[in-house]
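Close look at the chain arrangement
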Amino acid sequence: MVANREAQTVLITGASAGIGKITCLYLAEKGYNVIGTSRASSRLGDLYSEADQRGVTVHGLELDINSDAEVQRVMPEVFNQFGEIHALVNNAGYGLWGPLEIVSIDEMKTLFETNVFAVLRMTQVVLPAMIERRAGKIVNISSVLGRLATPFNGAYASSKYALEGLSESMNHEVSPFGVHVALVEPGLFETEFQRSQVRAQRADDPNLAYAPYVQRYNDRHQTFDKLASDPVKVAKVIHKIIRSRRPALRHPVGLESHAGIMGTRLLPGRLFQWMLGRATLK
Ligand SMILES: NC(=O)c1ccc[n+]([C@@H]2O[C@H](COP(=O)([O-])OP(=O)(O)OC[C@H]3O[C@@H](n4cnc5c(N)ncnc54)[C@H](OP(=O)(O)O)[C@@H]3O)[C@@H](O)[C@H]2O)c1
């Protein structure tokens, strides 16, 4: 890895696919030093070849963000090589699907390891230098499901609601030092997310009382999937946050996200919940 010490450095977790990959490429094209992580460097092949095609460089980094020991071992090497990290994009994450009655506590803990605790771990590693420098951006990729919760996505939604609380509180703590935390709240985007989503072990048990509702949900969801849009829209929002002197805390991206969040704010709670139920299940 040869770092360009003149350019600002952005570290993006979960860069092997989807939003993380496209954001690496987009920011590299904008002239940033970009470091993209994956738990297995073998999964970074697409990122490298697409960077080649675009004539840019992205620095791949094998890092299991879920491991304290690994983050403590690898990150000092990153600081040595790149100096400052100007922005951290906590993007890595996945979905866990199934009725909450049967999601196991272990499945839930593993989800929170990545979607919440790894975000805190990575942030705690980069924050001290940002606070000292009085500058830096932490961009946390949340979801529209961090603002509203649909059936059978309760595990995932609760991890994103946790991320929202963590980010809002941290932003109050660090903004006096010139460091800003921002939440990106995408709607539906074309990535590996749906294919990589974990189904709770008991989710498809035909004896569950929820089975007919799961069927209806799946039918509805196929329609929603057609609405998925190009993740470069998310990359552009991330770029805007990184460039902004004082970014806003929350950034919905995509029509479904704007519409859903506006519904939570403008409609009476009972009406909004009824509409959400109708749209997803009934
Ligand atoms: N796509 C959407 O519609 C959508 C909507 C709202 C929010 N989001 C959020 O956007 C972020 C990126 O998702 P995506 O749609 O780009 O999904 P994706 O295409 O599946 O990519 C997910 C990335 O996260 C990493 N990752 C997945 N599980 C991990 C784990 N257990 N530990 C560490 N890293 C893990 C993967 O890296 P490795 O497997 O290579 O380590 C991969 O690079 C997520 O936080 C997701 O919740 C997505």
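Above this text you will find the structure in question.
Quick look at the structure, then. Everything numeric here is computed off the predicted structure, so don't read it as measured data. (Residues numbered from 1 in each chain as written. Predicted model: local features only at pLDDT ≥ 70, side-chain atom pairs only at ≥ 80, totals over all residues. Heavy atoms only, no water.)

**Some words on the overall build of the protein**
Per the secondary structure count, the protein includes 10 helices and nine strands. With respect to the principal axes defined by its C-alpha atoms, the protein has extents near 55 × 40 × 35 Å. By the burial criterion, 51% of the 282 residues in the protein qualify as buried. Put simply, of all contacts in the protein between residues at least 6 apart along the chain, 76% involve residues at least 24 apart. For the protein, the exposed surface amounts to about 13,900 Å²; the carbon and sulfur share of it is 52%. In the protein, 31 positive and 28 negative side-chain charges are present, and the distance between their average locations comes to 8 Å. (Helix = DSSP H or I, 4+ residues; strand = E, 2+ residues; numbered from the N terminus. Buried < 20%, exposed > 50% of the residue type's maximum accessible area, 1.4 Å probe, protein only. Contact = heavy atoms within 4.5 Å. Areas by Shrake-Rupley, 256 points an atom, 1.4 Å probe, with all protein chains shown as cover. Lys, Arg positive; Asp, Glu negative; His and termini not counted. Charge placed at Lys NZ, Arg CZ, Asp CG, Glu CD.)

**Some points on the packing of helix 1 (residues 18-29) against helix 8 (residues 232-243)**
With their axes 9 Å apart at the nearest point, helix 1 and helix 8 run at an angle of 55 degrees to one another. Accordingly, the angle class assigned to the pair helix 1 and helix 8 is oblique. In this structure, helix 1 meets helix 8 at a crossing whose hand is right-handed. Between helix 1 and helix 8, the contacting residues are Ile19, Ile22, Thr23, Tyr26 and Leu27 on the first element and Val232, Val234, Ala235, Lys236, Ile238, His239 and Ile242 on the second. (Axes fitted to C-alpha atoms, helices over the stretch in contact; angles between N-to-C directions. Parallel < 35°, antiparallel > 145°, perpendicular 65-115°, else oblique. Left-handed = near helix turned anticlockwise from the far one by under 90°.)

**Observations regarding the packing of helix 4 (residues 105-133) against helix 5 (residues 154-174)**
Helix packing geometry: the angle between the two helix axes and the distance between the axes. Running from amino to carboxyl end, helix 4 crosses helix 5 at an angle of 15 degrees, the nearest separation of the two axes being 9 Å. In terms of their interaxial angle, helix 4 and helix 5 are classed as roughly parallel. Two packed elements cross with a definite hand, and for helix 4 against helix 5 that hand is right-handed. Contact with helix 4, carried on its side by Met108, Leu111, Phe112, Asn115, Val116, Val119, Leu120, Thr123, Leu127 and Ile131, involves Ala155, Tyr156, Ser158, Ser159, Lys160, Ala162, Leu163, Leu166, Met170 and Val174 of helix 5 and no other residues of that element. Tallied by class, the residues present in the contact of helix 4 with helix 5 amount to 15 nonpolar, four polar and one charged. (Nonpolar A, V, L, I, M, F, W, Y, C, P; charged D, E, K, R; others polar.)

**A word on the sheet that holds strand 9 (residues 250-253)**
An order of 3-2-1-4-6-7-9 is seen for the seven strands of this open sheet, with the pairing classed as parallel. Each edge of the open sheet is held by one strand with a lone partner, namely strand 3 (59-62) and strand 9. Each strand of the sheet is rotated relative to its neighbour by a mean of 20 degrees, with strand direction disregarded. For strand 6 (residues 136-141) and strand 7 (residues 179-186), the ladder comprises six bridges, and the chain directions are parallel. When the bridges of strand 7 are listed, Ile138 appears paired with Val181. Strand contacts of helix 1: strand 1 (9-12), strand 2 (33-38) and strand 7, with the helix running at about 170 degrees to strand 1, the strand carrying the most contacts. (Pairing = 2+ DSSP bridges.)

**Let's talk about the site of the ligand**
The local shell around the ligand holds 29 residues, among which Ser16, Ser38, Arg39, Tyr156 and Thr191 are the closest. A distance of 2.8 Å separates an oxygen atom of the ligand from a polar atom in the backbone of Phe189. In isolation the ligand exposes 880 Å². Once the protein is present, 93% of that is buried. Listing elements by their share of the shell around the ligand, those giving two or more residues are helix 1, helix 5 and helix 6 (193-196). By residue class, the composition of the shell around the ligand is 12 nonpolar, 13 polar and four charged. (Near = heavy atom within 4 Å. Polar contact = N/O pair within 3.5 Å; in protein donor to acceptor, adjacent residues only side chain to side chain.)

**Some words on the nonpolar core**
For soluble globular proteins, the rule of thumb is that nonpolar side chains tend to be buried together. With 31 residues, the main nonpolar core has Val184, Ile238 and Ile242 as its most contacted residues. Contributions of two or more residues to this core are made by strand 1, helix 1, helix 2 (45-54), strand 4 (87-90), strand 6, strand 7 and helix 8. With seven residues, the top contributor of residues to this core is helix 1. Once residues within four sequence positions are removed from consideration, Val184 is found in contact with Val139, Asn140, Ile141, Ser142, Ser143, Val234, Val237, Ile238, Ile241, His251 and Val253. Core analysis: the next-biggest nonpolar cluster, separate from the first, contains 27 residues, Leu61, Ile65, Val78 and Met130 among them. (Core = buried A, V, L, I, M, F, W, Y, C linked by side-chain atoms within 4.5 Å.)

**Remarks on the side chain of His239**
Within the secondary structure, His239 is located in helix 8. With relative accessibility at 7%, the residue His239 sits in the buried group. Leaving out residues up to four positions away in the same chain, His239 has contacts with Tyr26, Leu27, Lys30 and Tyr32.

**Re the pattern of salt bridges**
Tallied over the full model, the rule gives 12 salt bridges. With a closest N to O distance of 3.0 Å, Glu192 and Arg195 form a salt bridge. Overall, the relative accessible area of 37% leaves Glu192 in the partly exposed class. By relative accessible area, which is 64% here, Arg195 ends up exposed. In this structure, Asp205 engages Arg202 in a salt bridge whose closest nitrogen and oxygen atoms are separated by 3.9 Å. Residues participating in the shared-partner salt-bridge network are Arg147, Glu164, Glu168, Glu185 and Arg250. (Salt bridge = Lys/Arg side-chain N within 4 Å of Asp/Glu carboxyl O.)

**Some thoughts on unusual backbone geometry**
Most of the time, phi is negative for any residue but glycine, and the peptide bond is trans. Although it is not a glycine, Arg134 sits at a positive phi angle of roughly 60 degrees. Relative to the assigned elements, Arg134 resides in the loop between helix 4 and strand 6.

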